[in-house]
Amino acid sequence: LVAVHYLPWRAPRPQAEKEMSIEIAFDSTDLRPDDTLTCAVTVRYNRPGEARMTIVDLGVPPGFEVVTESVDVLKQAGTIQRFSLTGRQAILYFDRLPGMQDVRFALQMKAKFPVPAKTPPTTVYQYYEPGLRDRERDVGYAMGLQARGYRLADWYDIRPYNPSYGGFLREE
């Protein structure tokens, strides 16, 4: 016995707006050592009222360090309550985030040795409601190497025994 039936097509449900959102943008991808990279961050709490004890875990690209003075300015202005810096992330603690408004700020990072890599993920969440969170995608960058004529393989080409080896990076 064989039967055939059809189900009516249903339009996909529109996705509800996230309760918290975060966006990051870097001002450049072509950097040399000791150049400064600015990371613009936009955080939004999409509920009425305010979000208490919100944490932004900002991923720092490999080969960069956060300029502490740029974070101190945020603390002195009252934008953040406190912060913690590690090699791969900057953790920013907000006492309150206003509801239905964007909170925008910028951090500066100094290029120690810009390398082609992906940034660690950036996340925003509430301390007391960790289910309310948003994660910004990993951002992949080739920080200026190919733009200046260097080959990506040169970063991994370590052959000191080769007499014609002229240095760690060679221009093509």
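The preceding data block contains the structure.
So, how was this worked out
Residue positions are given per chain, counted from 1 along the sequence in the order it is written. Totals for whole chains, interfaces and linings use all residues, but because this is a predicted model, local features are given only for residues with pLDDT of at least 70 and pairs of side-chain atoms are given and counted only at 80 or more. Computation of side-chain values: all heavy atoms of the structure, hydrogens and water removed. Secondary structure elements follow DSSP: runs of H or I of four or more residues count as helices, runs of E of two or more count as strands, with numbering from the N terminus. Two residues form a contact once any of their heavy atoms are found within 4.5 Å. In short, Shrake-Rupley with a 1.4 Å probe defines the accessible areas, and a residue's cover is counted only from the protein chains shown. A pairing counts as a salt bridge when a side-chain nitrogen of Lys or Arg comes within 4 Å of a carboxyl oxygen of Asp or Glu. Aromatic pairing here means that ring centres of Phe, Tyr or Trp (its six-membered ring) are within 6.5 Å. Orientation follows from the plane angle: under 30 degrees is stacked, over 60 is edge-to-face, and everything else is tilted. Here the term buried applies to any residue with accessible area under 20% of the maximum for its type, exposed to any over 50%, and partly exposed to those in between, with areas from a 1.4 Å probe on protein chains only. Charge-over-ring contacts are defined here by two conditions on Lys NZ or Arg CZ: a distance within 6 Å of the ring centre and an angle within 35 degrees of the ring normal. What makes two strands pair is DSSP finding at least two bridges between them. Here the axes come from fitting lines to C-alpha atoms, over the contacting stretch only for helices, and the angles between their N-to-C directions go from 0 to 180 degrees.

Focus: the overall build of the chain
Argument step 1. In terms of regular secondary structure, the chain is built from one helix and 11 strands.
Argument step 2. Mapped in sequence order, the helices and strands of the chain form the string β-β-β-β-α-β-β-β-β-β-β-β.
Argument step 3. Considering only contacts within the chain whose residues lie at least 6 apart along the sequence, 68% involve residues at least 24 apart.
Argument step 4. Accessible surface computed for the chain: about 11100 Å², of which carbon and sulfur atoms make up 51%.

Side note on the pattern of salt bridges
Argument step 1. Applying the stated rule across the entire model yields eight salt bridges.
Argument step 2. R47 is the salt-bridge partner of E19, the closest N and O atoms lying 2.9 Å from each other. Pair noted here: E19 is in the segment before strand 1 (20-26) and R47 is in the loop between strand 2 (36-45) and strand 3 (50-59), with a separation of 28 residues, a long-range link.
Argument step 3. Where salt bridges share partners, they join E50, R52, D95 and R96 into one cluster.

Digging into the packing of aromatic side chains
Argument step 1. Applying the stated rule across the entire model yields two aromatic pairs.
Argument step 2. Considering the side-chain rings of F94 and F105, the 5.8 Å spacing of their centres and the 45° angle between planes classify their relative orientation as tilted. On the criterion of sequence distance, the pair formed by F94 in strand 6 (residues 89-98) and F105 in strand 7 (residues 102-111) is long-range, its members being 11 residues apart.
Argument step 3. Looking at F94, the relative accessible area reads 1%, which means it is buried.
Argument step 4. The ring of Y125 has R133 lying over it, and the distance from NZ or CZ to the ring centre is 4.6 Å.

Quick look at the pairing of strand 2
Argument step 1. In this sheet, strand 2 lies alongside strand 1 in antiparallel orientation, the contact comprising seven bridges. Note that in strand 2 the partner of S21 across the bridge is R44.
Argument step 2. Both strand 2 and strand 7 contribute to a ladder of nine bridges, which runs antiparallel. What sits directly across from T42, in strand 7, is R104.

Overview of unusual backbone geometry
Argument step 1. Although it is not a glycine, D34 sits at a positive phi angle of roughly 75°.
Argument step 2. Following the sequence through the fold, D34 ends up in the loop between strand 1 and strand 2.
Argument step 3. Not every positive phi belongs to a glycine, and M100 is a case in point at roughly 60°.
Argument step 4. With respect to the secondary-structure elements, M100 resides in the loop between strand 6 and strand 7.

Describing the sheet that holds strand 10 (residues 133-136)
Argument step 1. Reading across from one edge, 5-6-3-9-10 is the order of the five strands in this open sheet, with antiparallel pairing throughout. Each edge of the open sheet is held by one strand with a lone partner, namely strand 5 (82-85) and strand 10. Ignoring which end each strand starts from, the neighbouring axes of this sheet average 15° apart.
Argument step 2. The pairing of strand 5 with strand 6 spans four bridges and is antiparallel. Residue pairing across strands places R82 opposite Y93, the latter belonging to strand 6.
Argument step 3. Across the sheet, helix 1 (residues 68-77) is in contact with strand 5 and strand 6; its angle to strand 5 comes to roughly 165°.

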